[in-house]
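# Fold and contact review
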Protein chains: 2
Amino acid sequence: MVSTAVPPRPLSSTFLLGLAPVASWFIIRPFLDPIPSLPGLYTSIGFSLFAFIATLYLVPALGPTFIKAHLSGRDLLKDYATPIPESLGLVCASVYTLALILFIPFAFSDSLTTHSTQTPEGIFVPEFPHSRLSVYLSSLLSLLMATILGFLDDVFDIRWRHKLPIPIIASIPLLMVYFAERGNTHIVVPLPLRFLLGSLLNLGPLYYLYMSLLSTFATNSINILAGINGSEVSQALIIATSVILNDLLYLPWPIGFRLPVHLLGSKAEVEFGGVWSAGMAYGSKELVERHLFSLYFMLPLVAVCSGFMYHNWYPARAFPGDTLCYVTGMAFAVVGIQGHFSKTLLLFFLPQIFNFVLSCPQLFGLVPCPRHRVPRFDKVTNLLHPSKAIFMKPPSKLAATVLRILSFFKLVDLTLHPSGVILETTNLTILNFFLIRLGPMNEKKLVQVLICSQICGSVLAFSVRYGLAGLVYDGDRR
Amino acid sequence: MVSTAVPPRPLSSTFLLGLAPVASWFIIRPFLDPIPSLPGLYTSIGFSLFAFIATLYLVPALGPTFIKAHLSGRDLLKDYATPIPESLGLVCASVYTLALILFIPFAFSDSLTTHSTQTPEGIFVPEFPHSRLSVYLSSLLSLLMATILGFLDDVFDIRWRHKLPIPIIASIPLLMVYFAERGNTHIVVPLPLRFLLGSLLNLGPLYYLYMSLLSTFATNSINILAGINGSEVSQALIIATSVILNDLLYLPWPIGFRLPVHLLGSKAEVEFGGVWSAGMAYGSKELVERHLFSLYFMLPLVAVCSGFMYHNWYPARAFPGDTLCYVTGMAFAVVGIQGHFSKTLLLFFLPQIFNFVLSCPQLFGLVPCPRHRVPRFDKVTNLLHPSKAIFMKPPSKLAATVLRILSFFKLVDLTLHPSGVILETTNLTILNFFLIRLGPMNEKKLVQVLICSQICGSVLAFSVRYGLAGLVYDGDRR
């Protein structure tokens, strides 16, 4: 395919004009009688729809401004050199955080949040959930920090070894507020280890380390699985959707239905229904609140990612830059930490974990790591081939052993000297792995394969979480 | 003066190495017996000293990185064209917000903040001040927003008409949290108006408008009084110092002394002394807390501004960019709003108010407004002269009348056609006003005059606040 210009992708104004009244209805609905049981959720959906519209419009509108400010690059896997605006994840991040900030007054409007306290005179006064507001605000602070740091990374082009710890800085507000409020640092011990550690273990300062590392992992694992059109944003979109599906299981649904989780190996079916006793929350208001909190952060994220994906889809009209990876990664860390479901969250990162583990020999210097590890583009066939790292001097014994094992499992392709010395290896990424296993394919096909693997990962994650987890934890986990 | 290179200003490492242990002592002190009555204040001073050291070091260290990222410009009032790194206010803002974020756990460590509540069993439990934490976090959010928006302004070079409302966006977190917590929207009515309005007036939604406008004014008024080396940062420094002096009046000082405020026209002297009953707080814990809050935000601001001023002083080695104006302006708005002393704060902005009022005919299009209104530099004499705006077509009747009035008060210099038509006017800024009144001078002298006027403004502000204010408000104002 030869194309010299990449005009902005067309936007259907009838579709968008039709969406605005729908979004407005969701925002107005909580003010109408009968007031719904979860008014904040309606507002959140309304804001998310507006965020979706805003992202769809703003990304192409601001593209030229970004190019003018030296924020652009050419697409390495295309045969044209048209500058494509870079770091438009900033637009997503801005729309996303602004939506979350405007949502502050609505986040605590749910009827289930109006706890009341008894004054000395015996009057019940509805109490504002200040503590939950602090949690919300500290999450927002971390997201804003991630936005700033991501954008700085784009502007100043920080080297990857230096930027690995950046998400730790962005997680400081989370940790500080958790510490200031003397947050819980206990974890539930899996059944097989309880004879050793008891049922609850106080991690103390290690808990803070764990929170920081979760932010670092969530951010960087998306950032290193990048390089082809649509890869970053599609990962974020699928993980966010998975978190939303998981959250929905804990909401008080007014209708009744059953999930056949016994098919997944659990002991009993899960019954949903009624107003407060429904779902996996088993009547726990706290669990409902945590998963509502998670929904409030994930719904607008899905919105801005969908809007951006339209312009980032092959062939891309806009690049996300590091800003998008930082903000989405931090958003996942925030809901995992504040919603207390970080183990479930990690299950949604299976392809990222695979990619990270596979990348380790290159990340930690065992195997040479070129500046770009993206697949190699063949102009003639328009296909992508696995890209290679060349050994300038023979690999160390350890490196050679590791590579031979990886090669045995067909995770890498090695080029050997007749003497048996390794001359080249394919770069250790999941994208190259797909190309080795499935053969050369074009960029669009490759991102589709990546999306499929991410969806399969999420399906597996749900099976593990609601099936196998019953074997190592009590059935009634909170 | 002819110089072709501008080497970084030297840093005395002995001074800085000597400062580090002092800073550490302030941080360690609250953990040692006897615990001081305001432990948070010690920590804040310690953090501020470290912020000062960090800014001093980081500004020259990061300069080349900024130049590489196209963030540089030549100094318009110099005879050399060496690129000077621009928007290093970002470094100040980052150090400042990071210091404030790390300070979160200490901000509420003061013994006076441990309110306790009685449980149904009759036990007194110390209660964490969640509400004050939310206020602190929302302030931080607004500061981070101001940082992002300021930096975006620097990178994308937004036109000034478009950027006027930007601080309103940055103030949204403040407003949202104020609204979510159902903050007080009443104001105290001055004595002469009480027969009409009562002693307290509920402004309702207007109060939010007022908060937004305060942010906009504080930010933009510093941003338009700019253009010569050291002007922005020196304004911020003097205003912040004035706010600190005002805060100190409300702290519980362990020593006793008297302020002869009767000399300023007040009815009685103010006596300081004792631990809780001291100062202008008259024993009100709430007033002490508000002014402590203000101190926590102002001390590190003074620190980063001092550190930056060293490099921004004539001839400047680094420019602040809009980021510095946004962040300092927002910091002032935050303490004015959250500390409930916005009227006192505005008194510290006298030169800015003068400059803003004088600028109005140009800002609102009555008089032509060139892109830069900074004084004109004469290479031969190394002096600054008032810069001029040229009328391409004769001014409107209104514009001519306004300019003639301004000219009568020697606020502008007009160039007239023999027929009496105005051909040129000096640009309507306080800097040009100084040059008209005091004659051409060099840039260093001009910034010194500006600093003097700012200090005089603050002295006048204190006289009005603690002298004349007694005439229009009750003596015992809170």
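The structure displayed is predicted, hence computed values, not measured ones.

Secondary structure assignment for chain A yields 17 helices and 13 strands. Per-residue burial for chain A yields a buried fraction of 55% across its 478 residues. Of all intrachain contacts in chain A linking residues separated by at least 6 positions in sequence, the fraction that spans at least 24 positions is 72%. With an accessible surface of roughly 20700 Å², chain A has 68% of that area assigned to carbon and sulfur atoms.

It is worth spelling out the side chain of S221(A) at this point. Within the fold, S221(A) resides in helix α9 (residues 205-224). Contacts of S221(A), omitting those with residues within four sequence positions, involve T216(A), Q235(A), F349(A) and Q352(A).

All names here are of chain A. Inspection of the entire model under this criterion finds 12 salt bridges over all chains. Linking E289 and R132 is a salt bridge whose minimum nitrogen-to-oxygen distance equals 3.7 Å. In this pair, E289 is assigned in helix α11 (residues 285-312) and R132 in helix α5 (residues 130-156), connecting sequence segments 157 residues apart. Between E286 and R290 there is a salt bridge, with its nearest N and O atoms 3.1 Å apart. Placement of both E286 and R290 in helix α11 is noted, with a separation of four residues, approximately one turn of the helix. Residue class for R290 comes out buried when judged on its relative accessible area of 18%. Here the salt bridges share partners, and the residues they tie into one network are D75, K78 and E443.

Moving on, we get to the sheet that holds strand β11 (residues 388-390) of chain A. All names here are of chain A. Read from one edge to the other, the open sheet built from three strands follows the order β11-β13-β12, with strand pairing classed as antiparallel. A strand with exactly one partner marks an edge of an open sheet, and here the two such strands are β11 and β12 (414-416). Going across the sheet, the axis of each strand differs from the next one's by a mean of 20°, ignoring polarity.

What follows concerns the interface of chain A and chain B. Listed per partner, the contact involves 37 residues of chain A and 37 residues of chain B. Surface buried jointly by chain A and chain B totals about 3200 Å² across both partners, of which 89% is contributed by carbon and sulfur atoms. The tally of links between chain A and chain B comes to zero residue pairs in polar contact (both at pLDDT 80 or more). Breaking the side of chain A that touches chain B down by element, the ones donating at least two residues are α2 (39-68), α3 (89-102), α4 (104-107), α5 and α7 (166-180) of chain A. Here the side of chain A that touches chain B takes 16 residues from α5(A), the largest share from any one element. Among the residues making up the side of chain A that touches chain B, the classes are represented as 28 nonpolar, seven polar and two charged.

As a further point, take unusual backbone geometry. Residue P315(A) follows Y314(A) across a cis peptide bond; omega there is -15°. Mapped onto the elements of the fold, P315(A) is located in the loop between α11 and α12 (321-338). A positive phi is found at H340(A), a non-glycine position, where the angle reads about 55°. Positionally, H340(A) belongs in the loop between α12 and α13 (342-347). Although it is not a glycine, S87(B) sits at a positive phi angle of roughly 55°. Tracing the backbone shows S87(B) in the loop between β2 (84-85) and α3 (89-102).

Time to look at helix α10 (residues 231-248) of chain A. Since one α-helical turn is 3.6 residues long, residues separated by three or four positions face the same way. The first and last C-alpha atoms of α10(A) sit 26 Å apart over 18 residues, in line with the 26 Å expected at 1.5 Å per residue. Within α10(A), 15 of the 18 residues are buried, leaving the element largely enclosed by the surrounding structure.

This part covers the sheet that holds strand β13 (residues 422-426) of chain B. All names here are of chain B. Sheet architecture is open: three strands sit in the order β11-β13-β12, paired in antiparallel fashion. Looking at which strands have only one partner, the edges of the open sheet turn out to be β11 (388-390) and β12 (414-416). Shown here is a sheet whose adjacent strand axes are inclined to one another by a mean of 20°, direction ignored. Taken together, the three bridges between β12 and β13 define a ladder with antiparallel strand orientation. Note that in β13 the partner of T415 across the bridge is E424.

Let's shift gears to the packing of helix α4 (residues 130-156) of chain B against helix α11 (residues 321-338) of chain B. Residue and element names in this part refer to chain B. Between α4 and α11, the shortest axis-to-axis distance is 8 Å and the interhelical angle comes to 160°. Put simply, α4 runs roughly antiparallel to α11. As for how α4 packs across α11, the hand of that crossing is right-handed. From α4, V135, S138, S139, S142, L143, A146, T147, G150, F151, D153 and D154 reach across to α11, where they touch G321, D322, T323, Y326, V327, M330, A331, V334 and Q338. Residue classes in the contact of α4 with α11 are distributed as nine nonpolar, eight polar and three charged.

This part covers the relation of the copies chain A and chain B. Superposing chain A onto chain B takes a rotation of 180° plus a shift of 0.0 Å along the axis, which leaves an RMSD of 0.0 Å. Viewed as a symmetry operation, the transformation between the two copies matches a two-fold axis. Residue by residue, 100% of the interface of chain A is reproduced at the interface of chain B, so both copies engage with the same surface.

Attention shifts here to the packing of aromatic side chains. Residue and element names in this part refer to chain B. Summed over all chains, the structure comprises 49 aromatic pairs over all chains. Plain terms: the ring middles of F47 and F103 are 6.1 Å apart, the flat faces sit at 70° to each other, and that makes the pair edge-to-face. In this pair, F47 is assigned in helix α2 (residues 39-68) and F103 in the loop between α3 and β3 (115-118), connecting sequence segments 56 residues apart. Of the two residues, F47 and F103, both sit in the buried class. Taken together, a centroid distance of 5.2 Å and an interplanar angle of 55° make the contact between Y136 and F297 tilted. Residue Y136 is found in helix α4, and its partner F297 is found in helix α10 (residues 285-312); the two are separated by 161 residues along the sequence. The pair formed by Y136 and F297 is uniform in burial state, with each residue classed as buried.

Before going further, it helps to spend a moment on the pairing of β13(B). Residues and elements named next belong to chain B. Relative to β13, β11 runs antiparallel, the two sharing three bridges. Following the sheet pairing, I390 is matched in β13 by E424. The hairpin turn running from β12 into β13, its antiparallel successor, is five residues long, and G420 in that turn takes a positive phi close to 100°.

On to the nonpolar core. I104(A), Y136(A), F332(A), I104(B), Y136(B) and F332(B) are the most contacted members of the largest nonpolar core, which has 210 residues in total. Residues in contact with I104(B), not counting those within four places in the same chain, are M176(A), V177(A), A180(A), L133(B), Y136(B), L137(B) and L140(B).

Attention shifts here to the side chain of S458(B). Structurally, S458(B) is set in helix α16 (residues 443-472). With near-sequence residues (within four places) excluded, S458(B) lies in contact with I238(B), S242(B) and F348(B).

What follows is about helix α1 (residues 13-28) of chain B. Residues and elements named next belong to chain B. With 16 residues, α1 should cover 22 Å at 1.5 Å per step; its first-to-last C-alpha distance of 23 Å lies within 8% of that length. Those residues of α1 lying buried are L16, L19, A23, F26 and I27. Relative to the axis of α1, the buried residues are bounded by an arc of 90° and lie together on one face. Away from its buried face by more than 90 degrees, α1 exposes T14 and L17. Packing partners of the buried residues in α1 comprise α2.

What follows is about the environment of F26(B). Residue and element names in this part refer to chain B. Along the chain, the position of F26 falls in helix α1. Each C-alpha atom, one on F26 and one on Y310, is 24 Å from the other, the two residues being 284 residues apart in sequence. Beyond its immediate sequence surroundings of up to four residues, F26 is in contact with Y42, T43, I45, G46 and L49.

Here the focus is the confidence of the model for chain A. All names here are of chain A. When the pLDDT values of chain A are averaged, the result is 86; 87% of them are 70 or greater. Here residues 273-278 scores under 50 on pLDDT; set against residues more than four positions off or in separate chains, the count is 20 contacts. If you check the scores for this complex, the pTM reads 0.88 and the ipTM reads 0.85.

A word on the packing of α5(A) against α7(A). Residues and elements named next belong to chain A. Contact geometry of α5 with α7 gives a least axis separation of 8 Å together with a crossing angle of 165°. Looking at the two axes, α5 sits roughly antiparallel to α7. Once α5 is placed against α7, the crossing between them reads as right-handed. Residues S134, S138, S139, L141, S142, M145, A146 and L149 of α5 lie in contact with α7, whose contacting residues are I166, I169, A170, S171, P173, L174 and V177. When its residues are assigned to classes, the contact of α5 with α7 shows 10 nonpolar, five polar and no charged.

Another point: the environment of L102(B). With respect to the helices and strands, L102(B) occurs in helix α3. A relative accessible area of 31% means that L102(B) is categorised as partly exposed. C-alpha of L102(B) to C-alpha of C369(B): the two residues are 267 residues apart in sequence and 43 Å apart in space. Discounting chain neighbours no more than four positions away, the residues touching L102(B) are I172(A), M176(A) and F47(B).

Cut-offs used in this document
- Residues numbered from 1 in each chain as written.
- Chains lettered and ligands numbered in written order.
- Predicted model: local features only at pLDDT ≥ 70, side-chain atom pairs only at ≥ 80, totals over all residues.
- Heavy atoms only, no water.
- Helix = DSSP H or I, 4+ residues; strand = E, 2+ residues; numbered from the N terminus.
- Buried < 20%, exposed > 50% of the residue type's maximum accessible area, 1.4 Å probe, protein only.
- Contact = heavy atoms within 4.5 Å.
- Areas by Shrake-Rupley, 256 points an atom, 1.4 Å probe, with all protein chains shown as cover.
- Salt bridge = Lys/Arg side-chain N within 4 Å of Asp/Glu carboxyl O.
- Pairing = 2+ DSSP bridges.
- Axes fitted to C-alpha atoms, helices over the stretch in contact; angles between N-to-C directions.
- Buried area = accessible area lost by both parts, 1.4 Å probe.
- Polar contact = N/O pair within 3.5 Å; in protein donor to acceptor, adjacent residues only side chain to side chain.
- Nonpolar A, V, L, I, M, F, W, Y, C, P; charged D, E, K, R; others polar.
- Expected span 1.5 Å × (residues − 1).
- Parallel < 35°, antiparallel > 145°, perpendicular 65-115°, else oblique.
- Left-handed = near helix turned anticlockwise from the far one by under 90°.
- Least-squares fit on C-alpha atoms with pLDDT ≥ 70 in both.
- Phe/Tyr/Trp six-rings, centres within 6.5 Å; stacked < 30°, edge-to-face > 60°.
- Core = buried A, V, L, I, M, F, W, Y, C linked by side-chain atoms within 4.5 Å.
- Arc of directions from axis to C-beta.
- pLDDT = per-residue confidence, 0-100.

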